Amino acid sequence: MDTQTAAAVSGALLGLVLTAASMQLKGFGGQTAARPMFRAFFLLVSLYLLLLTVAIRRDGPALALLLDLVFATCHSLFILGVIRRSERPFPRGVIVLWGALYLAVSATAASYRVQVGLLYSASVFLLGATLLLYRRGGANLGDRGMAITAIAWSASCLFSIFGLGKPDDASPQLTLSLIFALPVVTALAVCLFLSYVLDDREDLRNQAARDALTEIHNRRYLFERAADIFSLMRRQHTPVSLIMLDVDHFKWINDRLGHATGDQALRAIARSLTQDSRLEDVVARMGGEEFAVLMPNTTLPEAMAKAERLRRGIEAIRIPGAESEHISASFGVVNGEPADRPNLETMLQRADEAMYRAKAAGRNTIAQAELGKADSGTLGQRH
Ligand SMILES: Nc1nc2c(ncn2[C@@H]2O[C@H](COP(=O)(O)OP(=O)(O)OP(=O)(O)O)[C@@H](O)[C@H]2O)c(=O)[nH]1
């Protein structure tokens, strides 16, 4: 075996080892597991670019092979990282098959059939682009950038194979590919970085805005969104309504059925509130067993009707394992007209007062308040 073949085979083996190692990583298919892959990809891209710069000037066979080796490993890491990032459950068989393909193609490339290497390159990057674009949870700007760059790279490889010279006259194709590789690989790395930064930001924002138990929005998010909703209300002269609700005798549910069942009930209530709400409504857990729904462009009668739907929805909840238990909540509804110049704090306070009147009136009940008139709330419905 000459040195060139040895280098190509060891590159292929390295690819296989990486494939095998990646399968052992915890959280297979998860985004976190993609990180080490992409980190290594970054390092190798840097090395590749360095070697490329030297190779364009001084084209020795050993250097060309080293370049092949590094680039083939980059391929390997890129595609593995993309597969993990796509968060789709990839069967292990597919990964093993891909590893075997990688071995076969690298071995063929070792005999200097550059066209095969380029074809392989084109297919790898096309596959990567497809996986990125169809990523679960949606492709962000960085993902799309990566996918477009990968498609451009594939196109360049195909162009190099079919568009130029005789099949065995490798050098024009190779030079063109190498020159094209510099900006493409750099763009790929930049987009990759961007996609992670965007993802991290999104994750942080989501974590800060969501309640950990029920996964609906939290109090903080309600206050954030309220600023936009109230400003829109003033500009468009439309009413805003707020519903507050507190689960009845929740302590009793916890004490009798256990905290875990209590948590289950809170999650079911959150689901029911969300299902019965419009996309533009903000449904939030305010803390403990208290929830709020802020509804732009909603009049008092509409809000009362909505509260009644929510009340019935909660009444219909059955907790698995505790089907005979009945859950209910008490509601306070308040409406703000643009002329009242309402703000969220005042509306929450008024809705809270109404909600306690509903509790005092026997629970599983809706009480209403009007912003303009202090303590003028009347009992809405008693059930
Ligand atoms: N399981 C569970 N319980 C919680 C959570 N947060 C608050 N609680 C419980 O909710 C109960 C609230 O009880 P109280 O404020 O006395 O009110 P209540 O029993 O619902 O009675 P009323 O509101 O008067 O109808 C307390 O026992 C809290 O421990 C939670 O996240 N999970």
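What counts and what doesn't
All residue numbers here refer to positions counted from 1 along the written sequence of the relevant chain. Two thresholds apply to this predicted model, a pLDDT of at least 70 for residue-level local features and 80 or more for giving and counting side-chain atom pairs, whereas whole-chain, interface and lining totals are computed over all residues. Excluded from the side-chain calculation are hydrogens and water; included are all heavy atoms of the structure. Going along the chain from the N terminus, every DSSP run of H or I of four or more residues is numbered as a helix, and every run of E of two or more is numbered as a strand. Helix span, expected: 1.5 Å multiplied by one less than the number of residues in the helix. The classification of residues rests on relative accessible area computed with a 1.4 Å probe and restricted to protein chains. Under 20% of the type maximum is buried, over 50% is exposed, and intermediate values are partly exposed. Within 3.5 Å is the distance limit for a polar contact, defined as a pair of N or O atoms, with the added protein rule that one can donate a hydrogen and the other accept it, and that residues adjacent in sequence qualify only through two side-chain atoms. In this description, contact between two residues means that some pair of their heavy atoms is separated by no more than 4.5 Å. Note: pLDDT gives the predictor's confidence per residue, expressed from 0 to 100. Side-chain atoms within 4.5 Å link the members of a nonpolar core, which is a set of buried Ala, Val, Leu, Ile, Met, Phe, Trp, Tyr and Cys residues. Consider each residue's heavy atoms; a residue with any of them within 4 Å of a molecule or strand counts as near. To obtain each axis, a line is fitted to C-alpha atoms, and for helices this fit is confined to the stretch in contact; angles are then taken between N-to-C directions over 0 to 180 degrees. Between 65 and 115 degrees an angle is taken as roughly perpendicular, under 35 as roughly parallel, over 145 as roughly antiparallel, and anywhere else as oblique. When residue character is reported, Ala, Val, Leu, Ile, Met, Phe, Trp, Tyr, Cys and Pro are called nonpolar, Asp, Glu, Lys and Arg charged, and the others, Gly included, polar. In this description, the arc belongs to the directions extending from the helix axis to the C-beta atoms. Think of a 1 Å grid over just the protein atoms. A cavity is a set of points where a 1.4 Å probe fits yet cannot get out, a pocket is an open set with protein on both sides within 12 Å along at least five of seven lines, and lining residues have an atom within 4 Å of a point. Grid points are joined across faces, edges and corners, and a volume is the space filled by probe spheres set on the points. In this scheme, strands are said to pair when DSSP sees at least two bridges between them.

Caption draft 1: Geometry of helix α11 (residues 300–315). For α11, built from 16 residues, the straight-helix expectation of 22 Å at 1.5 Å per residue is met to within 8% by its first-to-last C-alpha distance of 22 Å. Looking at α11, one finds that the buried residues are Leu300, Ala303, Met304, Lys306, Ala307, Glu308, Leu310, Arg311, Gly313 and Ile314.

Caption draft 2: Spatial organisation of the side chain of Ser277. Here Ser277 shows up in the loop between α10 (259–275) and β3 (282–287). We classify Ser277 as buried; its relative accessible area is 16%. Within the structure, the side chain of Ser277 is placed 3.2 Å from the side chain of Lys306, a separation counted as a polar contact. In this view, Ser277 contacts Val283, Val293 and Lys306; residues no more than four positions away in its chain are not counted.

Caption draft 3: Main features of the confidence of the model for the protein chain. Overall, the predicted model of the protein chain reaches an average pLDDT of 75, with 55% of residues at or above 70. Counting interchain partners and residues more than four positions distant, the pLDDT-below-50 stretch residues 1–8 has 9 contacts. Overall, residues 376–383 carries pLDDT values under 50, and its contacts beyond four positions in sequence, including any with other chains, amount to 29 contacts. Two summary scores accompany this predicted model of the complex, namely pTM at 0.57 and ipTM at 0.95.

Caption draft 4: Looking closely at the nonpolar core. In terms of nonpolar packing, the biggest core is built from 30 residues, with Ile243, Phe291, Ile327 and Phe331 touching the most fellow members. Elements with a minimum of two residues in this core: β2 (240–247), α9 (250–257), α10, β4 (290–296), α11 and β5 (329–336). Counting 26 residues, the second largest nonpolar core, distinct from the first, contains Tyr221, Leu294, Ala351 and Leu371.

Caption draft 5: A look at the site of the ligand. The ligand sits among 17 residues. The nearest are Phe250, Asn254, Asp263, Arg285 and Arg363. One of the side-chain N or O atoms of Asp246 is found 3.0 Å from an oxygen atom in the ligand. His249 is positioned such that a nitrogen or oxygen atom in its backbone is 2.8 Å from an oxygen atom of the ligand. Of all the secondary-structure elements, those providing two or more residues to the shell around the ligand are β2, α9 and α10. When residues in the shell around the ligand are grouped by element, the largest group, 4 residues, is from α10.

Caption draft 6: Local environment of the packing of helix α8 (residues 219–236) against helix α12 (residues 344–360). Their axes nearest at 10 Å, the elements α8 and α12 cross at an angle of 110°. Looking at the two axes, α8 sits roughly perpendicular to α12. On α12, the residues that touch Leu222, Phe223, Ala226 and Phe230 of α8 are Leu344, Glu345, Met347 and Leu348. A per-class count over the contact of α8 with α12 returns 7 nonpolar, no polar and 1 charged.

Caption draft 7: Spotlight on α9. Within the span of α9, buried status applies to Phe250, Ile253 and Asn254. For α9, the buried positions fall inside an angular range of 95° around the axis, keeping them on one side. Opposite the packed face of α9, turned more than 90 degrees from it, sit the exposed residues Lys251 and Asp255. Residues of α9 that are buried make contact with β2 and α10.

Caption draft 8: Broad picture of the layout of surface pockets. Quantified by volume, the second largest pocket comes out at close to 190 Å³. Along the walls of the second largest pocket sit 13 residues, with His217, Thr274, Leu279, Asp281 and Val283 positioned nearest its centre. Going through the elements one at a time, α8 and β3 are the ones with two or more residues in the lining of the second largest pocket.

Caption draft 9: Molecular detail of unusual backbone geometry. With a phi close to 55°, His237 is a non-glycine residue in the positive phi region. With respect to the helices, strands and loops of the structure, His237 is situated in the loop between α8 and β2. His237 sits in the exposed class, given a relative accessible area of 62%. Although it is not a glycine, His249 adopts a positive phi angle of roughly 45°. Examined against the element boundaries, His249 turns out to sit in the loop between β2 and α9.

Caption draft 10: Molecular detail of the environment of Leu232. With respect to the element layout, Leu232 can be found in helix α8. Under the relative-accessibility criterion, Leu232 is labelled partly exposed at 34%. A C-alpha to C-alpha distance of 8.6 Å links Leu232 and Pro296, two positions 64 residues apart in sequence.

Caption draft 11: Main features of the pairing of β2. The buried count for β2 comes to 8 of 8 residues, which makes it a mostly enclosed element. Side chains of β2 alternate between two faces, with Val240, Leu242, Met244 and Asp246 and Ser241, Ile243, Leu245 and Val247 buried alike. Both β2 and β5 contribute to a ladder of 8 bridges, which runs antiparallel. Directly across from Val247, in β5, lies its bridge partner Ala329.

Caption draft 12: Spatial organisation of the pairing of β4. Counting buried positions over the 7 residues of β4 gives 7, a clear majority of the element. Side chains of β4 alternate between two faces, with Glu290, Ala292, Leu294 and Pro296 and Phe291, Val293 and Met295 buried alike. Across 7 bridges, the pairing between β2 and β4 is antiparallel. Bridge pairing in β4 links Asp246 to Glu290. As defined by bridge partners, β3 adjoins β4 across 5 bridges and the pair is classed as antiparallel. Paired with Val283 across the bridge in β4 is Val293. Linking β3 back to β4 in an antiparallel pair, the connection comprises 2 residues, with Gly288 at a positive phi of about 50°.

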